[in-house]
Amino acid sequence: MKNIKYLLLSAVLIGFTACNDESDFEDQLDNPIEVVVLPELTAGSANFSNYVSIGNSLTAGFTDNALFIQGQENSMPNMLSQKFGLVGGGSFTQPLMNDNIGGLLFGGMQNADGSFGPRLYFDGSGPAGLPAVSTTEAFAPSVGSQNNMGVPGAASYHLLYDGYGNPGNLLTTPPTANPYYVRMASAPNATVLGDALAQQPTFISLWIGNNDVLGYATSGGDQTVAAITPIDGPPGVGFDQTIGAIVNSIQATGAQGVMANIPYVTTIPHFTTVPHNPVPLDAATAGFLNSASAYGAYNGGLDATLAFLMANPAQLAFFFPPTDSMSSEELATAEIAKRKIYFTEGAGNAVVIMDENLTDLTAINAALVSMRQATEDDLLVLPASSFIGTEAIPGNPTTVNGVAIPLADKWVLTPEEQAEIITATDNFNATLQSAASSAGFAFVDANSLMQQLHNSGYADGDFILTSSLVTGGAFSLDGVHPTARGYALLANEFMKAIDATYGSNFEASGNLLNIGNYPTNYPPTLQ
């Protein structure tokens, strides 16, 4: 039976029964209410009978900085499976956590560093950690392979690593296993991709690659913490070859699929929420910071160094080699000006940051470390909001972080680091789109969607979602992962892409998700 939607049907009935005279009846005949007939839902050529999703936290349903039952039930793949079930899709299992607290225990204990902790909630002023303890044990007996093979934290090469689910590898330094995959691996030497394909899927969603650049970004561009995956190298090392190996393996099973690309991390609230100039100062403090007892000495040292370089052309050219567009003198003058640090009375003072991209002048003056004040072109990571203004030495107001003490590299993405991330993302996305095209898979431009959320917002039904933290509706409290409503928006984009490639008609038949049915936050009472 066709799926028929009668718009304003009740209004039509009321109109006819309320006719008081012949003119009313004739008016109804001359101006009939439009009846919209939607086609019956079809899968087209897609076979959804055994759907398996492969990916990372975005596939798992991670939200509010944790994985928990309600978030998993509102994961994008679970939403898709419910729609696929209308046209022949089978059951869809997920490695559900034990509670709605989120986080993991390791041998009955929470990690002392706060990692794998409980989810965040909104406490009325901002994100706060849920005051509860997880009941999900990482070392518990495996729940086995699932239809949702999303593993939070997984990069592309992790899908091929055969020790990623070995509980013994959680004890190495650093750990070489993932506790989320430890819970679901079919065997200690299993791989994520192998476990997924062993289920003989007929349809696969593959969204991987975000963590190949995200770790570098969230660490403020600190290579010692996390490096961007190289584009070239053998499978399991280089991004190109790894994606090729993954997609080729999927193709070999005959499964159909949909893939998505990687959003620019610089468009998500984790990097766009904290302003570069959040520091309020009174006149006395600003005056002290500008004095020779504080940054006045640093500024004076910069001036003396510039004078020295101008008087010594060989040294000038060594520290500031000329370029095609700027002379050594111009380069030195511009950088010295950039490095000057000044504070004023009132709000809007920029934080002081370390910047490894500045010229190392310590050989001339050891006090001239590579620091400067942040500008609007710098992006501060979200955790910096709770660090700026704290005292490095409690009780000592002369040790305020971000003011008296510069913020370390891990708190800031400089323009140079942002450029590295964007270049890598563009290269990764070219690889992903090429792989999807070669395999005949549907493709979702998640990058464009996230840019739209960031720039102008995305209208869907009665809602306009944006990338603003807390108020935008699309992103959860960690500033990286979507809300349930954001995941619903993504699920709709996946269905539209599937429609375009496989001839299904989720959109035309009126079977996209109503994003308003999904929450933007979870209360602290949900545990």
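In what follows, the accompanying structure is described. Remember, it's a predicted structure, so these values are computed and weren't measured experimentally.

Comments concerning the sheet that holds strand E8 (residues 256-260)
Pairing is parallel across the open sheet formed by five strands, whose spatial order is E6-E3-E7-E8-E15. Edge strands, defined here as strands with exactly one partner in the open sheet, are strand E6 (148-150) and strand E15 (442-444). Adjacent strand axes in the sheet meet at a mean angle of 15° when their direction is disregarded. By the bridge criterion, four bridges tie strand E7 (residues 203-207) to E8 in an arrangement that is parallel. The residue bridging Ser-205 from the neighbouring strand is Val-258, located in E8. The strands touched by helix H17 (residues 484-502) are E7, E8 and E15; relative to E15, the strand with the most contacts, the crossing angle is about 145°.

Observations concerning the side chain of Thr-359
The residue Thr-359 is located in the loop between strand E11 (352-354) and strand E12 (371-373) in this model. The contact partners of Thr-359, leaving out residues within four places of it in the chain, are Phe-319, Phe-320, Glu-335, Arg-339 and Ser-370.

Focus: the environment of Asn-248
By the element assignment, Asn-248 lies in helix H9 (residues 239-253). C-alpha of Asn-248 to C-alpha of Ser-438: the two residues are 190 residues apart in sequence and 9.7 Å apart in space.

Quick look at the pairing of strand E3 (residues 51-55)
The side chains of a regular strand alternate, first on one face of the sheet and then on the other. In terms of burial, E3 is a largely internal element, five of the five residues being buried. What you see with E3 is no split at all: Tyr-51, Ser-53 and Gly-55 on one side and Val-52 and Ile-54 on the other are buried throughout. Pairing geometry for E3 and E7, over five bridges, is parallel. Within the sheet, the bridge partner assigned to Ile-54 lies in E7 and is Leu-206. Across three bridges, the pairing between E3 and E6 is parallel. Across the sheet, the residue bridging to Ile-54 is Met-149, located in E6.

Some words on the nonpolar core
Note that soluble globular proteins tend to have their nonpolar side chains buried in a common cluster. By size, the foremost hydrophobic cluster in this structure holds 133 residues, and its most contacted members are Ile-54, Leu-206 and Ile-250. Of all the elements, H17 adds the most residues to this core, at eleven residues. Residues contacting Leu-206, with those up to four places away along its chain left out, are Ile-54, Leu-159, Ile-246, Val-247, Ile-250, Val-258, Met-259 and Ala-260.

A look at the pattern of salt bridges
Per the counting criterion, the structure on display carries five salt bridges. Between Glu-335 and Arg-339 there is a salt bridge; the shortest N-O distance is 3.0 Å. Taken together, the residues Glu-335 and Arg-339, both in helix H14 (residues 328-339) and four residues apart, mark about one turn of the helix. In this structure, Glu-335 and Arg-339 share a single accessibility class: buried. Arg-372 serves as the salt-bridge partner of Asp-355, at 2.7 Å between the closest nitrogen and oxygen.

What to know about the packing of H9 against helix H15 (residues 415-439)
In helix packing, the relevant descriptors are the interaxial angle and the interaxial distance, both defined with respect to the helix axes. Between H9 and H15, whose axes approach to 10 Å, the crossing angle comes to 20°. With respect to each other, H9 and H15 are oriented roughly parallel. Here H9 runs over H15; the crossing is right-handed. On H15, the residues touching Phe-239, Asp-240, Ile-243, Val-247 and Gln-251 of H9 are Phe-428, Thr-431, Leu-432, Ala-435, Ser-438 and Ala-439. Its residues assigned to classes, the contact of H9 with H15 shows seven nonpolar, three polar and one charged.

A few points about the packing of aromatic side chains
Remark: the centre distance and the inter-plane angle together describe each pair of aromatic rings, the angle taken between the planes. All told, the structure shown has 20 aromatic pairs when counted by the stated rule. Here Phe-106 and Phe-139 contribute two aromatic rings whose centre-to-centre distance is 6.4 Å and whose plane-to-plane angle is 80°, an arrangement assigned as edge-to-face. Linking Phe-106 in the loop between helix H5 (76-84) and strand E4 (120-122) with Phe-139 in the loop between strand E5 (127-129) and E6, this pair joins segments that are 33 residues apart in sequence. For Phe-106, a relative accessible area of 18% corresponds to the buried category. An angle of 15° between the planes, with centres 4.4 Å apart, marks the rings of Phe-387 and Trp-411 as stacked. Taken together, the residues span a long stretch of sequence, with Phe-387 in the loop between strand E13 (379-380) and strand E14 (412-413) and Trp-411 in the loop between E13 and E14 at a distance of 24 residues. Cluster of aromatic residues (ring-pair linked, three or more members): Phe-48, Tyr-51, Phe-84, Phe-92, Phe-203, Tyr-502 and Phe-506. If you follow Arg-119 out to its NZ or CZ, it ends over the ring of Phe-68, 5.3 Å from the centre. The aromatic ring of Phe-463 is capped on one face by Arg-485, whose charged end is 4.4 Å from the ring centroid.

Definitions and limits used
Residues numbered from 1 in each chain as written. Predicted model: local features only at pLDDT ≥ 70, side-chain atom pairs only at ≥ 80, totals over all residues. Heavy atoms only, no water. Pairing = 2+ DSSP bridges. Helix = DSSP H or I, 4+ residues; strand = E, 2+ residues; numbered from the N terminus. Axes fitted to C-alpha atoms, helices over the stretch in contact; angles between N-to-C directions. Contact = heavy atoms within 4.5 Å. Buried < 20%, exposed > 50% of the residue type's maximum accessible area, 1.4 Å probe, protein only. Core = buried A, V, L, I, M, F, W, Y, C linked by side-chain atoms within 4.5 Å. Salt bridge = Lys/Arg side-chain N within 4 Å of Asp/Glu carboxyl O. Parallel < 35°, antiparallel > 145°, perpendicular 65-115°, else oblique. Left-handed = near helix turned anticlockwise from the far one by under 90°. Nonpolar A, V, L, I, M, F, W, Y, C, P; charged D, E, K, R; others polar. Phe/Tyr/Trp six-rings, centres within 6.5 Å; stacked < 30°, edge-to-face > 60°. Lys NZ or Arg CZ within 6 Å of the ring centre and 35° of its normal.

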